[in-house]
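# Inside the fold
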Amino acid sequence: KAGVTQTPRYLIKTRGQQVTLSCSPISGHRSVSWYQQTPGQGLQFLFEYFSETQRNKGNFPGRFSGRQFSNSRSEMNVSTLELGDSALYLCASSLELASREQYFGPGTRLTVT
Amino acid sequence: SQQGEEDPQALSIQEGENATMNCSYKTSINNLQWYRQNSGRGLVHLILIRSNEREKHSGRLRVTLDTSKKSSSLLITASRAADTASYFCATDDRGTGFQKLVFGTGTRLLVSP
C-alpha cells in the first residue's frame, strides 16, 4: 500500500496570505489527524477528522481550519499567515477512530516570510 | 502543550552500544507509543504498550511502562548508525476515544560508527 502523502512538500508564503495543505491517507484509513511541529513548541495536535467530521481540536486559533472529503482525503487551511506559523505540518492516518497506531506522512514545510 | 517530557534531550553513543531514553507523562493513559523521526521528516511508529502491560519487545527495541510513576523507557540494543534520529513518546487522552496524541519533547540520538 502507498503511504500517507502530503502536498506540497515545501511552501514559502508571505505574512497575511493564506495556505491550503493536502493530505491523502493510506487506502482504507478513515481517520486523519494534523500536527504542527516547531523547534520551540514541539509536536502539537491541530485536529482530527473521521468520516468527514471534525472529532477533536487542539488549542489553535480559528485561523487554522480543516476538512475531510468523502474519499478520506483531508485539507487544512491557515488564513492570515503569521511568522510564527512557520513549521512542519504533519498529517497522520489510521484505520478507525479508536485506533491508536498512526501512520505519518513526510510533512509540509511551511515558511512564512 | 506537551504532556511527555523526555530525558535525556540528546544522547550520543557509539555503534554497538545500547541507548536508553526515558519519558514521563502527567495524566492517566490508555496506552503509550514511541515514534522515531529522521531529520525533518515524518514520524514512524515503533511500538505501542498498553496501560496494563509492563514490558514489550520488538526486535532490538524494549519498552517498559510504569503507570505508578507515570514513566516509560525505550531501550535500543546494539545500536546502529541508522538509528540516528529523534525519538518521541506519545500518550492518548484517556477515555475520550479520540486519536489525539500528545507528544513528548523528544530525545535526539546520535549513533557514531
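Up top is the structure.
Reference entry: report on the structure contained in this document. (Residues numbered from 1 in each chain as written. Chains lettered and ligands numbered in written order. Predicted model: local features only at pLDDT ≥ 70, side-chain atom pairs only at ≥ 80, totals over all residues. Heavy atoms only, no water.)

### Comments concerning the overall build of chain B
- A count of helices and strands for chain B gives 0 helices and 11 strands.
- When its helices and strands are written in sequence order, chain B yields β-β-β-β-β-β-β-β-β-β-β.
- Relative to a compact globule of 113 residues, whose C-alpha radius of gyration would be 13 Å, chain B shows 13 Å and is just as compact.
- Taking the principal axes of its C-alpha atoms as reference, chain B extends roughly 45 × 30 × 20 Å.
- Looking at chain B residue by residue over its 113 residues, the buried ones come to 45%.
- Here the analysis covers contacts within chain B between residues at least 6 apart in sequence; of these, 55% occur between residues at least 24 apart.
- In the structure as shown, chain B presents an accessible area of about 5,300 Å², 44% of it carried by carbon and sulfur atoms. (Helix = DSSP H or I, 4+ residues; strand = E, 2+ residues; numbered from the N terminus. Rg over C-alpha atoms; globule rule 2.2 N^0.38 Å. Buried < 20%, exposed > 50% of the residue type's maximum accessible area, 1.4 Å probe, protein only. Contact = heavy atoms within 4.5 Å. Areas by Shrake-Rupley, 256 points an atom, 1.4 Å probe, with all protein chains shown as cover.)

### Notes on the sheet that holds strand β7 (residues 61–66) of chain B
Residue and element names in this part refer to chain B.
- In spatial order, the strands read β1-β3-β8-β7-β6; together these 5 strands make up an open sheet with antiparallel pairing. Both outer strands of the open sheet, β1 (5–7) and β6 (55–58), are each paired with one neighbouring strand and no more. Averaged over all adjacent pairs, the angle separating strand axes in this sheet is 15 degrees, with direction ignored.
- Looking at chain direction, β6 and β7 are connected through 4 bridges and run antiparallel. The residue bridging S58 from the neighbouring strand is L61, located in β7. (Pairing = 2+ DSSP bridges. Axes fitted to C-alpha atoms, helices over the stretch in contact; angles between N-to-C directions.)

### Considering the interface of chain A and chain B
- Contacts between the two partners involve 26 residues from chain A and, on the opposite side, 21 residues from chain B.
- Where chain A abuts chain B, roughly 1,900 Å² becomes buried across the two surfaces, and 49% of that area is made up of carbon and sulfur atoms.
- Looking only at chain A, the three residues that lose the most surface to chain B are L43, R100 and F104 of chain A, adding up to 38% of its buried area.
- Inspection of the region where chain A meets chain B yields 0 salt bridges. (Buried area = accessible area lost by both parts, 1.4 Å probe. Salt bridge = Lys/Arg side-chain N within 4 Å of Asp/Glu carboxyl O.)

### Quick word on the state of the cysteines
All names here are of chain A.
- The tally for this structure, following the rule as stated, stands at 2 disulfides over all chains.
- Put simply, C23 and C91 are joined by a disulfide, and their sulfur atoms are 1.7 Å apart. Residues C23 and C91 share a disulfide whose torsion about the S-S bond is about -50 degrees; that sign makes it left-handed. You can see C23 sitting in strand β3 (residues 19–24) and its partner C91 sitting in strand β9 (residues 87–94), a full 68 residues away along the chain. (Disulfide = S-S within 2.5 Å.)

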